[in-house]
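Here's the letter readout for the chains.
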Number of protein chains: 4
Amino acid sequence: MYSFANDYSEGACPKVLKALIETNDVQSAGYGVDEYSLAAADLIKQVIEHDDVDVHFITGGTPCNVLAISTLRAHEAVISCESGHINAHETGAVEATGHKIIAVKGKNGKILPQEIRDVMADHTDEHKVRPKMVFISDATELGTIYTKKELTAISEVCKEYGLYLYLDGARLGNALVATGNDLSFKDICDLTDIFYIGGTKNGAWLGEALVIKNDELKPDFRYLIKQHCSMLAKGRLIGVQFIALFRDKARAYLDNARNADIMAQALKYIFRQFSIPMYIDSSTNQIFPILENRVLEKIKSNYTVTEWGPYDKDHTIVRFVCSWATQKAAIQDFYNDLVMYVNED
Amino acid sequence: MYSFANDYSEGACPKVLKALIETNDVQSAGYGVDEYSLAAADLIKQVIEHDDVDVHFITGGTPCNVLAISTLRAHEAVISCESGHINAHETGAVEATGHKIIAVKGKNGKILPQEIRDVMADHTDEHKVRPKMVFISDATELGTIYTKKELTAISEVCKEYGLYLYLDGARLGNALVATGNDLSFKDICDLTDIFYIGGTKNGAWLGEALVIKNDELKPDFRYLIKQHCSMLAKGRLIGVQFIALFRDKARAYLDNARNADIMAQALKYIFRQFSIPMYIDSSTNQIFPILENRVLEKIKSNYTVTEWGPYDKDHTIVRFVCSWATQKAAIQDFYNDLVMYVNED
Amino acid sequence: MYSFANDYSEGACPKVLKALIETNDVQSAGYGVDEYSLAAADLIKQVIEHDDVDVHFITGGTPCNVLAISTLRAHEAVISCESGHINAHETGAVEATGHKIIAVKGKNGKILPQEIRDVMADHTDEHKVRPKMVFISDATELGTIYTKKELTAISEVCKEYGLYLYLDGARLGNALVATGNDLSFKDICDLTDIFYIGGTKNGAWLGEALVIKNDELKPDFRYLIKQHCSMLAKGRLIGVQFIALFRDKARAYLDNARNADIMAQALKYIFRQFSIPMYIDSSTNQIFPILENRVLEKIKSNYTVTEWGPYDKDHTIVRFVCSWATQKAAIQDFYNDLVMYVNED
Amino acid sequence: MYSFANDYSEGACPKVLKALIETNDVQSAGYGVDEYSLAAADLIKQVIEHDDVDVHFITGGTPCNVLAISTLRAHEAVISCESGHINAHETGAVEATGHKIIAVKGKNGKILPQEIRDVMADHTDEHKVRPKMVFISDATELGTIYTKKELTAISEVCKEYGLYLYLDGARLGNALVATGNDLSFKDICDLTDIFYIGGTKNGAWLGEALVIKNDELKPDFRYLIKQHCSMLAKGRLIGVQFIALFRDKARAYLDNARNADIMAQALKYIFRQFSIPMYIDSSTNQIFPILENRVLEKIKSNYTVTEWGPYDKDHTIVRFVCSWATQKAAIQDFYNDLVMYVNED
């Protein structure tokens, strides 16, 4: 069995693993105030070209999302696409901290500025929550990416209404190296108030770098990390990994993401050769072919994939994901297998 | 600088590191339902001699505590010593989930059965919370340990009042191998409803094994893990480590703990040679000498330690901690240094 | 200015006021365990023909909703129409207790059984919340009512999936006396697990009677009431009012509701005479005419009404509400005024 | 049976009841933005001689406490005496909103400035909560009162540490008219950041006036009221009552409190005649005689009182409370009965 189910099937990428081994026996301070974590934060500040930010290393993506939103007051709410991770796949973790998610339809996993305006027009008094933050992800949960123009438009409407803009970058690397992307790390920081750079899905064992630009969100943030179960005793574990990923202008980080995107796009190319349509046009490391159920069944005998949902009675939307660890040989094997699967009756 | 500040200064113990390296490239399922985690759970069940338990691997100790307590209903509360980790060092993480901690004085970090009875006598109607769980730790936050007789007495009073007994085992290994201990892994499971076996402080990079014996606490527990930010995408990371620690009847786990206890007790012996008294009599890997401030200042020039609090105007209570990683040479160096510090005027 | 803005503009209906005056000087126990509250609960049990229920008197409707939902475990969620009061008009009070609301479209303010099935099909593992309760209201927030057939169908799908059915009866009286209603108090209790009978909007100064039929939801409920700020020191205040409303087979309660419905339907008749269409077909005490903006402006000079939302650029959806206190003369005056408003240009 | 159990046994005082009857049929806006509530707020501002405050009318005391504390951020905590109402008698309502209560011993129900300093010295990093508010009550839960000097000292230590000072005035009237009191309404407002003036226990059916002086605590407060189940639809119900209590320089409010205090002090005088000692020296409307159990049993056959706790094996601490409604005749009857009870064998 080979898995295209997700981008967290393997352990750490070689550079990260090497760094962990090399530093294993060194003593360091606990809880993320060690020298590795400080150095990693400095590297990130250089890459995003912002010195005025706070960088915190967090155990995972859901914790980052919960923490960012936990800066809000009790009656303040966050606007998200229906497909947003916080709304769809976090077991109510945000609501568990007391905050309502106002879900809007979105388009291709991306929120539209007009949707934000509509929410604001509909929330004007104390009988409804006060929208105070917008949640977006790049790449989105559907593998799509924001253009600079799109992100700028959202950023502007947020400023207009006094909303914080938070970007979930679980797959930020995959977005930034994707075909069609015109955003840089610096742009992401310029245009948002708070965002995170995902490590877990891009070569780290675990860990994300949460970057806070807006001064209003900075005070006492380490209290929130501790309170929300997201502070590691051996905090340097994440710092060490981010040093490996972000030294040399984030070289390993971007290389990992590039491999993931290229391999997934190669898969997409293969599906197109068989005239298999895509549910959504993604240029990153997640692709969503619409497969005949009989073909899907054959694939499942040798590959682990994610069934996203039914398309019609004979077809299913399936998610294939590649990662830093996906090898060209695996793509070629899949091609050979698919030839067989499709042509058998 | 050498650190006696805590037992999480280094990375992973050699066996754990080796296991992580060897399995790094294998693909596995995400979120803790992989084969490594299942195998680790089986090893733990063998060691604790209970097959009827659920074992969950969690990112850290505070998350374990929060999760165990989050099984309670909104108005139910947990009884803890004032010195209990949940009351003293978790930034209100338990209260953040809505539950009150009823703190009692305790003695040497241990709760007394009569204190539980007193709380129950004082909480009899709906104008007060309903006590429903007792939190203890072994070893305690002060390095002390429960005897089998003491733990049995607490277990019985809990049963009498319908209280769940939860044991925080962040340093369970250190307790079980300590001089004076007469409890086994099996006893711990026999006498409690839910407990965790700490990995972070005993040789793992991160991770704890939460063991649920009481059937009432089992349903839907994975929902709680996800909701409370404590589920790793690469969940097998913890499973792999616990296999390394628990194979061969928990050999590495117990060896790690034994080294920590022996080294700390060697430190205690050294202090006694200089007639330096202990704040509390601990037989585990944390010791608490009462140091003259002038001596402490000298120690701090070469060693990182934790100042626990003032003793009187000339003395300070200081915490020294040893771990699996503490080497005999470090103890000898410290002895040599202490000779100098004490004898200098 | 005369107000058709809502059904809580006046104080208490004459019978309630009289009861409060007569009992004012009597001493009674606090916190809702007094003899008046017990007697009121008995009257309600007779009217709903269920003896096996717990009846609690609560300060308001939002508290009732929050309390009913607070019986759920942390990761359990409630399904509601988008227009449901808990989703649209309670400032995130439900989310503030940690629970996610899963909002579905509904039709005319009513939830469809298939929508419940769809939610269940989409919530199958621990990465999403577990739906555990369905919230409906009768009369709905749009003035519509459930038929016995509709409510039975919802009740059955809830049973099938192990979901609690909760009915918000803020305007239950208005539903039960409406044209087209075929449900009785007994049916409401038969078909739900928990519901409340609204007092505030039907002649009481304040107070609702929350009725719990399902034994799973009964334990320790008074703890929840106290914890959620919804227990009155002078609890008998609500009991006394419900005695006045529910003695003689709920005569005053039903009379109050009937007056409200009849007056609102008279208004509807008036609007129809002027060919003014309704946004939704309601048979209870709330009606929603679509008014030309120029007519609306004239109405607003003499009447307080609620603008529900824009219909098109020249028209607005407006809510008119009648209550136990609405007098025939007010309806006639409005008719005379409307003649003028419509005919002026 | 005559009740000395509490000060909320009867309904509303005559002036309040009259005001409710007179205004019953008037239409007003809902949710506390009506003209009565505005006028009541103005009266209160005059009495407290502060124009720069926000006044909100709230359903009860526990809601006031929860609301005041809900202005804090998630990791911020409140310091209270162990005997403080929020710590001892609110079923964890504060913790249910996520905030830890740091309980200190206090003395006679009053917090000591040094206790606040000690808490601050012990809470210095992100592994503990951040203390941000001090909760006190005047009169206290034990009937004692703060002197101006004491309150000033607490106010100063709060300012020094950046702590908000919140005063629970459930029985503020009883404090301000008590023998030995040297505080005025204006002083209370001068020396605190937020406080409430209790209505429920001093002649109102229900309702408290929450006064916010500190600008940091004012924004969006009505959102919090709604979210925490504490906003009445017929909000003017409380406004009307506070007009009756606070017109003519709070005449009725102070008269009610004075009657309560005088009657309770008369009871105290009676007990002293029989050499029955007091558990605590209170000058307000709550007194705490230490009664022989045989006498207590006899009292209980004709009077409802509150058993506060055992004193020794033969004696019990008992609470007697008087209110605006307590009549001289009741005190005389009690004297006559006590003569009998004491002198019987």
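Everything discussed here concerns the structure shown above.
What you see is a predicted model, and the numbers here were worked out from it, not measured in a lab.

A. Just the environment of Lys249 of chain B, in detail. Residue and element names in this part refer to chain B. Mapped onto the secondary structure, Lys249 falls in helix H11 (residues 236-273). Overall, the relative accessible area of 74% leaves Lys249 in the exposed class. Remark: the alpha-carbon pair of Lys249 and Ile331, spanning 82 residues in sequence, is separated by 29 Å. In this view, Lys249 contacts Val47 and Leu254; residues no more than four positions away in its chain are not counted.

B. Local environment of the sheet that holds strand S4 (residues 101-104) of chain B. Residue and element names in this part refer to chain B. What the seven strands build is an open sheet, ordered S2-S8-S7-S6-S5-S3-S4; its pairing is mixed. Two strands bound the open sheet, and with one partner strand each, they are strand S2 (54-58) and S4. Taking the axes of each pair of neighbouring strands and ignoring which way they run, one obtains an average angle of 25° across the sheet. Summarising the sheet, strand S7 (residues 194-198) and strand S8 (residues 208-212) pair through five bridges and their orientation is antiparallel. Each residue of the ladder has a partner; that of Ile194, found in S8, is Ile212. Running at roughly 125° to S2, helix H2 (residues 35-48) makes contact with S2, S7 and S8 of the sheet.

C. Seen up close, the side chain of Ser282 of chain D. Residues and elements named next belong to chain D. Structurally, Ser282 is set in the loop between helix H11 (236-273) and strand S9 (286-287). Within polar-contact distance, the side chain of Ser282 engages the backbone oxygen of Gly143 at 3.1 Å. For Ser282, the residues in contact, after removing those within four places along its chain, are Leu142, Gly143, Gln265 and Lys268.

D. Broad picture of the relation of the copies chain A and chain B. When chain A is brought onto chain B, the operation consists of a screw motion whose angular component is 180° and whose axial shift is 0.0 Å, with 0.0 Å RMSD remaining. As the rotation angle and translation indicate, the two copies are arranged about a two-fold axis. Of the C-alpha atoms belonging to chain A, the one lying closest to the rotation axis is found on Cys229 of chain A, 3.3 Å away.

E. View of the packing of helix H1 (residues 14-23) of chain D against H11 of chain D. Residue and element names in this part refer to chain D. Between H1 and H11, whose axes approach to 9 Å, the crossing angle comes to 130°. Taken as axis vectors, H1 and H11 run oblique relative to one another. Considering the relative orientation of H1 and H11, their crossing is right-handed. Counted together, Lys15, Val16, Ala19, Leu20 and Thr23 of H1 and Arg236, Leu237, Val240, Gln241, Ala244, Leu245 and Ala252 of H11 form the full contact between these two elements.

F. Structural view of the relation of the copies chain D and chain A. Mapping chain D onto chain A is achieved by rotating through 180° and translating by 0.0 Å along the same axis, at an RMSD of 0.0 Å. A high fraction, 100%, of the interface residues of chain D reappear at the interface in chain A, so the copies pair face to face through one surface.

G. Structural context of empty space enclosed by the protein. For the structure shown, the criterion picks out eight cavities of 30 Å³ or more. Reported here for the largest cavity is a volume of approximately 350 Å³. If you go around the largest cavity, you meet 28 residues; those closest to its centre are Gly61, Thr62, His85, Tyr196 and Lys201 of chain B. At four residues, the largest contribution of residues to the lining of the largest cavity is made by helix H3 (residues 61-69) of chain B. Class assignment of the residues belonging to the lining of the largest cavity gives a composition of 10 nonpolar, 11 polar and seven charged. The space that makes up the second largest cavity amounts to roughly 60 Å³. If you trace the second largest cavity, you find it lined by Leu17, Leu20, Ile21, Trp205, Leu206 and Leu237 of chain C together with Leu17, Leu20, Trp205, Leu206 and Leu237 of chain D. If you list the elements that add at least two residues to the lining of the second largest cavity, you get helix H1 (14-23) of chain C together with H1 of chain D. Among the elements that take part in the lining of the second largest cavity, H1 of chain C stands out by supplying three residues, more than any other.

Conventions used here
Residues numbered from 1 in each chain as written. Chains lettered and ligands numbered in written order. Predicted model: local features only at pLDDT ≥ 70, side-chain atom pairs only at ≥ 80, totals over all residues. Heavy atoms only, no water. Helix = DSSP H or I, 4+ residues; strand = E, 2+ residues; numbered from the N terminus. Buried < 20%, exposed > 50% of the residue type's maximum accessible area, 1.4 Å probe, protein only. Contact = heavy atoms within 4.5 Å. Pairing = 2+ DSSP bridges. Axes fitted to C-alpha atoms, helices over the stretch in contact; angles between N-to-C directions. Polar contact = N/O pair within 3.5 Å; in protein donor to acceptor, adjacent residues only side chain to side chain. Least-squares fit on C-alpha atoms with pLDDT ≥ 70 in both. Parallel < 35°, antiparallel > 145°, perpendicular 65-115°, else oblique. Left-handed = near helix turned anticlockwise from the far one by under 90°. 1 Å grid on protein atoms, 1.4 Å probe; cavity = no way out; pocket = protein on both sides within 12 Å on 5 of 7 lines; lining within 4 Å. Points joined across faces, edges and corners; volume = space filled by probe spheres on them. Nonpolar A, V, L, I, M, F, W, Y, C, P; charged D, E, K, R; others polar.

Remember, this is a structural readout, not a statement about activity or role.
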